[in-house]
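Chains, contacts and geometry: an overview
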Amino acid sequence: MTTDSDAEVPNNRRPLRIGMIVISQYESDPRVRRQAEALVARGDEVTVLALEADGRPREDLVEGVRVIHLPVRKYRGSSAKAYLGLYGSFGARATAWLTRHPRRFDVLQAHSMPEALVFAGLAQRLAGVPLLLDVHDLTSKLFAAKFEGKSAIMSGVRLSERAALRFATEVMTVHEPYADLVRADTKKPVSVVMNCPDERLFAPRPEPRRWDPDGEVVFSYHGLIAPRHGLVNVVKALKGVRETLPGARVQIRGGGDGIEEVGATARALGIEDAVDLPTRLYSMTEIVGELENVHIGLVPSMLDPWTEGVLPTKLLEYSALGVPCVTFRNPVIERYFPDDTVTYVDPATPETLQAAMIALAKDPDRALEQAARAAKVMEGLRWSAQKQIYFDVIDRLAARKNRG
C-alpha cells in the first residue's frame, strides 16, 4: 500500500527497474509485497513473476507493482515429487520469460523457496544483471521436516541449495541465525532484512482491546495452515478452554493443506461453530481488517528442523498491533522475545495450549501488560528501518551493474 508521501527516489538518478521471481501467490506474500511496494513508493519500477492466483488476471497491477501470474498453481502436501514438480514447472516458465527479456532489469531478485530459483536468471547474469537471492526459508530445512529418511532427495536439495547460494551475486535473509547458516555455504555478501511488519498496515492499536472473560474471547491464527503449525492441537485445546470459558472461539485465516483436518477435528469435537475457518485466501490488507476484533494471538507450531529456525511473521504482527500472544519456543524467538513479553508453551501440545489460553483469557490485565512489553520489542523491529537496509542492498547491486 503506497502513498505519495512515501516517494523517496532521488532527483539525480533514474528509477531502477527491479525484477522479482517467487513461487507463491504475490497478493498474500507479505515479505515480497513489502519490498516491492517500498521500491514503487520511492519511484522504482517493479515486475514480479508469481504463481497463478484465483480471480486475478494473467497480468495485474497491484499497488503500483506489475504482477505476472505464470500458469502454475500452488501445491501444499506431503509429496516430495509434487514439490519438485512445482519448482521445476515454475522455474522453467520463469526462465523462459526472463530469457526473452535478458536486459529488462537493473537487479533481479529471486525469493526462496527453493534457492535454485535463482538459476532462472541465467540470461540476466550473462547480460550483466546482478542476481539477489532472498532466502526466506532454507529448502533443506523444509525437506528435512517433511521428508525424513529420503536421503537421496536430501542430498540433491542440499547440493542445489549450496550451488544457488554461490551462483547469486549477493544473498539476503530474514534474521542473523539464518545468515550464519548461509555464510557457511557461500563467500558472497549476506545481508539481513528482517520480516518486520509494515507500520502503515500493522499500526499499534490506539487503545488496548479489552475483553470480558465471561463473554466472547477471540483467539487468532493467520498464515500457513499446515500440520506442523499445530492448529489441530489448537482445536483440541479449545474444546477444554470452552469448558471454563464458554465464549471462547478461534478465528483462522490463511491457506494450506491442513484446513480439512482442522475442520474435521472441530466437527468431531462438536465445536465447529466456535472454529472460524477461511473460505478463501486473504490479501495482506484484508488480513489486517480480520485481526481488528481478535483478543489473543496464537503461534502454536510444533518443533521440527524447519520451525526450530524461524521467527514467525505472525508473532511480529500480533506484537506490533498490541495483541497478547501464546507461542511455541525456539532459539530464534527467544533471541528477540524475553519470557515476560509472550506466553511460551514448550512444547505446544493440546494440554499446554489449553492452560496458556485459559490463563491469558482469564486475566486481561496481565495479558495486556505482556502485550505492551512485546510492543516495546517491536519498537526496535520496524519496517521503516529495515527497508533502508533493503534499499542499500538494491542500490549497491544496481550500481555494480552500471559500473559493469
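Throughout this description, residue numbers start from 1 for each chain and increase along the sequence as written. Thresholds applied to this predicted model are a pLDDT of at least 70 for local features of residues and 80 or more for the giving and counting of side-chain atom pairs; totals over whole chains, interfaces and linings are not thresholded and use all residues. Where side-chain values are given, they derive from all heavy atoms of the structure, hydrogens and water being excluded.

**A look at the sheet that holds strand β13 (residues 325-328)**
Hydrogen bonds between backbone atoms are what pair the strands of a sheet, whose relative direction is either parallel or antiparallel. Taken in spatial order, the 6 strands line up as β11-β10-β9-β12-β13-β14 in an open sheet, and their pairing is parallel. A strand with exactly one partner marks an edge of an open sheet, and here the two such strands are β11 (275-276) and β14 (343-345). Against the sheet, helix α7 (residues 231-244) contacts β9 (217-224), β10 (248-255), β11 and β12 (296-299), and its axis sits at roughly 165° relative to β10. Between any two strands, at least two bridges found by DSSP are needed for them to pair. Put simply, DSSP H or I for four residues or longer makes a helix, DSSP E for two residues or longer makes a strand, and each gets a number counted from the N terminus. For this analysis, residues touch if any pair of their heavy atoms sits within 4.5 Å. Working convention: axes come from line fits to C-alpha atoms, limited for helices to the stretch in contact. Angles between N-to-C directions cover 0 to 180 degrees.

**What about the sheet that holds strand β2 (residues 45-50)?**
If you trace the 8 strands from one edge of the open sheet to the other, you get β3-β4-β2-β1-β5-β6-β7-β8, paired in mixed fashion. Each edge of the sheet is formed by a strand with only one pairing partner; in this case those strands are β3 (59-62) and β8 (190-192). Strand-to-strand twist in this sheet, taken as the mean axis angle between neighbours without regard to direction, amounts to 25°. Alignment of strand β5 (residues 107-111) against strand β6 (residues 131-135), held across 4 bridges, turns out to be parallel. Looking across to β6, one finds that Ala110 is bridged to Leu133. Across the sheet, helix α1 (residues 30-41) lies against β1 (17-22), β2, β3, β4 (65-69), β5, β6 and β7 (170-173), angled at about 170° from β1, the strand it touches most. Contacting β7 and β8, helix α6 (residues 176-183) runs over the sheet at an angle of about 170° to β8.

**Here's the deal with unusual backbone geometry**
Between Met113 and Pro114 the backbone carries a cis peptide bond, its omega angle lying at -5°. The omega torsion across Asp346 and Pro347 is 0°, close enough to zero to call that bond cis. Along the chain, Pro347 turns up in the loop between β14 and α12 (350-362). The backbone phi angle of Glu63 is positive, close to 50°, even though this residue is not glycine. Tracing the backbone through its elements, the reader meets Glu63 in the loop between β3 and β4.

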